[in-house]
Amino acid sequence: MKRINKLFISLLQGTLLVLLVQCQQADSNKEMQTETGYYQEQYRPQFHFSPESGWMNDPNGMFYYDGEYHLFYQHYPDSTVWGPMHWAHAVSTDMVSWEHLPIGLYPDDLGYIFSGSAVVDWKNTTGFGSEDNPPMVAIFTHHSAEGSKAGRTDYQNQSIAYSLDKGRTWTKYEGNPVLPNQGIKDFRDPKVSWHEASQKWVMILAVWDHVELYGSPDLKSWNKLSDFGLEHGNHGGVWECPDLFELPIEGSDESRWVMFVSIGRGGPNKGSATQYFIGQFDGQQFTNENSKETELWVDAGPDNYAGVTWSDIPKGDGRRLFIGWMSNWEYAQVVPTEKWRSAMTVARALKLQQTDAGLRMTSSPVQEFIKVRAESNEISTQAVSGAVQLENISFTTLSDVRLEFTDFVQSSEFGLKLSNEAGEEVLMGYSPKTGQFFIDRSKSGISDFHELFARRQTAERSSASDVIKLRILLDASSIELFGDEGSSVMTALVFPTSAYTKVSLFSKDGSAQLTSGQMSTVNSIW
Ligand code: FRU
């Protein structure tokens, strides 16, 4: 009798459970019907990477293996503001279209999973795999929120995890942390690479107001090599997310080492930005070849932060490839998007070039981007004076615009203007008067979420050429401007209350000659 009762109760429970699940499904179907389509929400980037939902900040653990570019990122799935950090994961075969994969690393007893990098351990120095099946190793910061709350100073430590299945699943190393904190609170964001000349792993780590370099034979034991930066570059904010890599100088047999350091505050247009240094690295110490005061910026715009480069790009490709977080800590958590927050920049290829201002790093959208470029319209060459609306061009906000101007000495500023019926507008271009590129988003739309948003942003020019070349990528809520073929770059978010529908060329106080112009629409990657 007892057994029959039990059976009956469990059958009843089972039926109730099925009913409950069915109800929930019906509910969520209802929700689905009223929701906007996949990646169709207002401000949703169409050709930039953004998480399906929840919060995102820095790109992490970027490596290439077996035809796939991996992108991990700082993610809090349960909210659209920052919280306990996970490493979420996506892969791409071209750095343009992305496939979302399950979360790679979850917070654990040692803490949240803060920023870091990943490498392919080809020689199996860790012993986690074999030379036939080399392990992929992630090196990241464990951030103990409890330690931080308790007022300790040693709550950030470096740990590792490995994957033997093309990055699909990760096992944390039982000996974590591999580089324990030495008593400095800000001790994070390890970026690791194999240093061929000295046959060892080198880690660059952000330590409050400088970077530290560490060496290792096996990614498990680390010894300190040197410090850099206390008196160099910009110190308007905490140093974060460094990178260190060698880059050839275009058109020569020489190369230099480039170091990236992101700063939370103090960027050229206020707020977060990433600076870079050019110099030498001998496997031990980095030497800056510019003066200590020199400040160079990866992107002078307000919305490109914490960017780093992909590891293990095949030699035959040889490019140095970059992606950045397209936001700014000043307002990242309050921008007016609802389901998700933040996107990445487009993937960019980095080069070192001699310019009229000296050796500079340039960046341009990766050539693979051409895959999503659709219909292309020529803009008639013309002398631009005042504002000239481009009426016979079918303009959508998703565009890749290329413009070349000459004879602009009379003009105080010229370029491209977008506007909408609500009278909101954003201007981008070059000012011969100040010698600066600019994006003016002071009347671009919603901006009351932060006082720093509605401003004109500028970038110095490093070329003295009498041709100004502009390439501008326009997505639903972002602008990326590449001046002089990527030697001056600016990235800025915009939130118009309705999409910009009008596009004009303009030149103020005098004319500028448009000698070439193309506007291509860009397809959505989602
Ligand atoms: C940079 C940063 C990193 C840190 C991560 C935490 O944006 O502050 O220094 O590891 O974000 O999410």
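Residues numbered from 1 in each chain as written. Predicted model: local features only at pLDDT ≥ 70, side-chain atom pairs only at ≥ 80, totals over all residues. Heavy atoms only, no water.

### Description of the overall build of the chain
Of regular secondary structure, the chain possesses two helices and 33 strands. Relative to its length of 526 residues, the chain is compact, with a C-alpha radius of gyration of 25 Å against a globular reference of 24 Å. With the principal axes as the frame, the chain shows a C-alpha extent of 95 × 60 × 45 Å. Residues classed as buried in the chain amount to 58% of the 526 residues present. For the chain, the share of sequence-separated contacts (at least 6 apart) that also reach a separation of at least 24 residues comes to 62%. (Helix = DSSP H or I, 4+ residues; strand = E, 2+ residues; numbered from the N terminus. Rg over C-alpha atoms; globule rule 2.2 N^0.38 Å. Buried < 20%, exposed > 50% of the residue type's maximum accessible area, 1.4 Å probe, protein only. Contact = heavy atoms within 4.5 Å.)

### Looking at the site of the ligand
Near the ligand you find 13 residues, and of these Asp58, Gln74, Arg188, Asp189 and Glu240 are the closest. In the model, an oxygen atom of the ligand is placed 2.7 Å from a nitrogen or oxygen of the Asp58 side chain. Between the ligand and Gln74 there is a distance of 2.7 Å, counted from an oxygen atom to a side-chain nitrogen or oxygen. The protein chains hide 95% of the 320 Å² of surface that the ligand would expose on its own. (Near = heavy atom within 4 Å. Polar contact = N/O pair within 3.5 Å; in protein donor to acceptor, adjacent residues only side chain to side chain. Areas by Shrake-Rupley, 256 points an atom, 1.4 Å probe, with all protein chains shown as cover.)

### Focus: the pattern of salt bridges
Across all of its chains, the model carries 31 salt bridges by this definition. One salt bridge connects Lys191 with Asp243, and the closest N-O pair in it is separated by 3.4 Å. In this pair, Lys191 sits in strand β9 (residues 188–195) while Asp243 sits in strand β13 (residues 239–248), placing the two residues 52 residues apart along the sequence. Relative accessible area serves as the criterion here: at 9%, Lys191 is assigned to the buried category. Here Lys469 ties to Glu485 by a salt bridge, and the two come within 3.2 Å at their closest N and O atoms. Highlighted residues: Lys469 in strand β30 (residues 468–475) and Glu485 in the loop between β31 (478–483) and β32 (488–493), separated in sequence by 16 residues. Salt bridges sharing common partners tie together Asp186, Arg188, Asp189 and Glu240. (Salt bridge = Lys/Arg side-chain N within 4 Å of Asp/Glu carboxyl O.)

### Concerning unusual backbone geometry
With omega at -5°, the peptide bond leading from Asn176 into Pro177 counts as cis. One non-glycine residue with positive phi stands out, namely Asp509, at about 65°. Using a relative accessible area of 69% as the deciding quantity, one classes Asp509 as exposed.

Shape is all these values report; function is a separate question.
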